[in-house]
Amino acid sequence: MKSIKMYAFLVLGFMLAGLGIAISSTGAQGISAWDALGQSFAWMSGMQLGTWSAILNCSCVLGQILVLRKEFKPILLLQIPLSFVLGTVCNLFGSFINVTVTSLPMGILFYLSGMFVTAIGVSLVMTINYIPFALEGFCMVLSQKVFTKMEFSRVRQSADVLSLILIAVLSLLFKVPWSIGLGTVIGACIFGPTLGLLMKLEKPFLNFGENTQPAADSISEPIAD
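Residues numbered from 1 in each chain as written. Predicted model: local features only at pLDDT ≥ 70, side-chain atom pairs only at ≥ 80, totals over all residues. Heavy atoms only, no water.

1. Some thoughts on the state of the cysteines
Applying the stated criterion across every chain, the model contains 0 disulfides. Between Cys58, a cysteine without a disulfide, and Cys60, which holds the nearest cysteine sulfur, the sulfur-to-sulfur distance is 9.3 Å. A relative accessible area of 33% means that Cys58 is categorised as partly exposed. Cysteine Cys60 is unpaired, with the sulfur of Cys139 as its nearest cysteine sulfur at 7.0 Å. (Disulfide = S-S within 2.5 Å. Buried < 20%, exposed > 50% of the residue type's maximum accessible area, 1.4 Å probe, protein only.)

2. Considering the nonpolar core
Grouped together as the largest cluster of nonpolar side chains are 49 residues, with contacts concentrated most on Val122, Phe133 and Phe152. When contributions to this core are tallied by element, the ones reaching two or more residues are α1 (2–26), α2 (33–45), α3 (49–68), α5 (104–128), α6 (134–145), α7 (152–174) and α8 (182–202). Take this core: its biggest share by element is 8 residues, from α5. Setting aside chain neighbours within four positions, we find Phe152 in contact with Met126, Glu136, Cys139, Met140, Ser143, Leu195 and Met199. (Core = buried A, V, L, I, M, F, W, Y, C linked by side-chain atoms within 4.5 Å. Helix = DSSP H or I, 4+ residues; strand = E, 2+ residues; numbered from the N terminus. Contact = heavy atoms within 4.5 Å.)

3. A closer look at the packing of aromatic side chains
Following the criterion strictly, the structure yields 3 aromatic pairs and no others. Measuring from ring centre to ring centre gives 4.7 Å for Phe14 and Phe133, while their planes differ by 50°; the resulting arrangement is tilted. Placement of the pair is Phe14 in helix α1 and Phe133 in the loop between α5 and α6, with a sequence separation of 119 residues. Both residues of the pair, Phe14 and Phe133, count as buried. Both rings, one in Phe41 and one in Trp52, keep their centres 4.6 Å apart while their planes meet at 20°; by these two values the pair is stacked. Taken together, the residues Phe41 in helix α2 and Trp52 in helix α3 connect sequence positions 11 residues apart. (Phe/Tyr/Trp six-rings, centres within 6.5 Å; stacked < 30°, edge-to-face > 60°.)

4. Observations concerning the pattern of salt bridges
Under the criterion given, the structure shown has 4 salt bridges. Between Arg156 and Glu136 there is a salt bridge whose closest N-O contact spans 2.8 Å. A residue pair is termed long-range when its members are at least 10 positions apart, and Arg156 in helix α7 and Glu136 in helix α6 qualify at 20 residues. Exposure class is identical for Arg156 and Glu136. Each is buried. Across the pair Lys200 and Glu151 runs a salt bridge whose closest N-O atoms are separated by 3.7 Å. With Lys200 in helix α8 and Glu151 in the loop between α6 and α7, this pair connects stretches of sequence that are 49 residues apart. Overall, Glu151 belongs to the partly exposed group, its relative accessible area being 44%. Sharing partners across several salt bridges, the network here consists of Glu136, Arg156 and Asp160. (Salt bridge = Lys/Arg side-chain N within 4 Å of Asp/Glu carboxyl O.)

5. Digging into a nonpolar patch on the surface
A cluster of nonpolar side chains, contributed by Met44, Val161, Leu162, Ile165, Leu166, Val169, Leu172, Leu173 and Phe174, occupies part of the molecular surface with about 830 Å² of accessible area. Take the nonpolar patch: its biggest share by element is 8 residues, from α7. In this structure, Leu162 sits in helix α7. Judged by relative accessible area, which is 48%, Leu162 ranks as partly exposed. (Patch = residues over 30% accessible without salt bridge, like charges linked within 9 Å, V, L, I, M, F, W, Y side chains within 5 Å. Areas by Shrake-Rupley, 256 points an atom, 1.4 Å probe, with all protein chains shown as cover.)

6. Considerations on the packing of α2 against α7
Direction vectors running N to C along α2 and α7 enclose 20°, while the axes themselves pass 8 Å from each other. Relative to α7, the element α2 is oriented roughly parallel. Of the two elements, α2 crosses α7, and the hand of that crossing is left-handed. Residue-level contacts link Ala33, Trp34, Ala36, Leu37, Ser40, Phe41 and Met44 of α2 to Asp160, Ser163, Leu164, Leu166, Ile167, Leu170 and Phe174 of α7. Tallied by class, residues from the contact of α2 with α7 come to 11 nonpolar, 2 polar and 1 charged. (Axes fitted to C-alpha atoms, helices over the stretch in contact; angles between N-to-C directions. Parallel < 35°, antiparallel > 145°, perpendicular 65-115°, else oblique. Left-handed = near helix turned anticlockwise from the far one by under 90°. Nonpolar A, V, L, I, M, F, W, Y, C, P; charged D, E, K, R; others polar.)

7. Here's the deal with helix α4 (residues 79–96)
Its 18 residues place the ends of α4 26 Å apart at the C-alpha level, agreeing with the 26 Å of an ideal helix rising 1.5 Å per residue. Of the positions making up α4, those classed as buried are Gln79, Ser83, Leu86, Val89 and Cys90. The buried residues of α4 occupy an angular sector of 120° when projected down its axis, which confines them to one face. For α4, the exposed residues set more than 90 degrees away from the buried face come down to Thr88, Asn91, Ser95 and Phe96. (Expected span 1.5 Å × (residues − 1). Arc of directions from axis to C-beta.)

None of the figures reported here should be taken as evidence of function without further support.
Next comes the structure, spelled out in structure tokens:
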């Protein structure tokens, strides 16, 4: 019964994350810093954004393997196909959202609303800590194994800031279009802290048994069936 509830919350988390991304995109105020970095690489290389999103997600999983070594659980490789599932869910919700943004305040409202929904979805998945999102999973590993004095939320926020810096460097060096919007900057500032706060609030309610290792404690020990 506990496993059923866990999987139900995992599905809910992925659905909410996909819905949130679709809502944010409707605001036309830019995409997340991580996705914007992928967009810059895509423009620079001539490849599609989806291809670079897959490459970046795979790099995050590789980073987890390099840091965790023998502690890395093979089931965490599912982060890679689940990244494609998230994209599919996002596209599905996006096809049903038919709203025209007519002003900057309206666009910002859509972006912030979508970002908050996304944060709820991602926090559910990360707090359960069975199969995390690739980027957040890597940030969790770094906060636990490398930057041990930094909370997960700060490491996640640093990833967004680093993405913005890399985008600026790519734009200056390779003359690729600017992929940063107003929403991109807003998200880089508040998504990580919001995610950390939600995880702390959800943790007492998402304990599915004594074998559960919540994301705030460890990513290398997923819950047993």
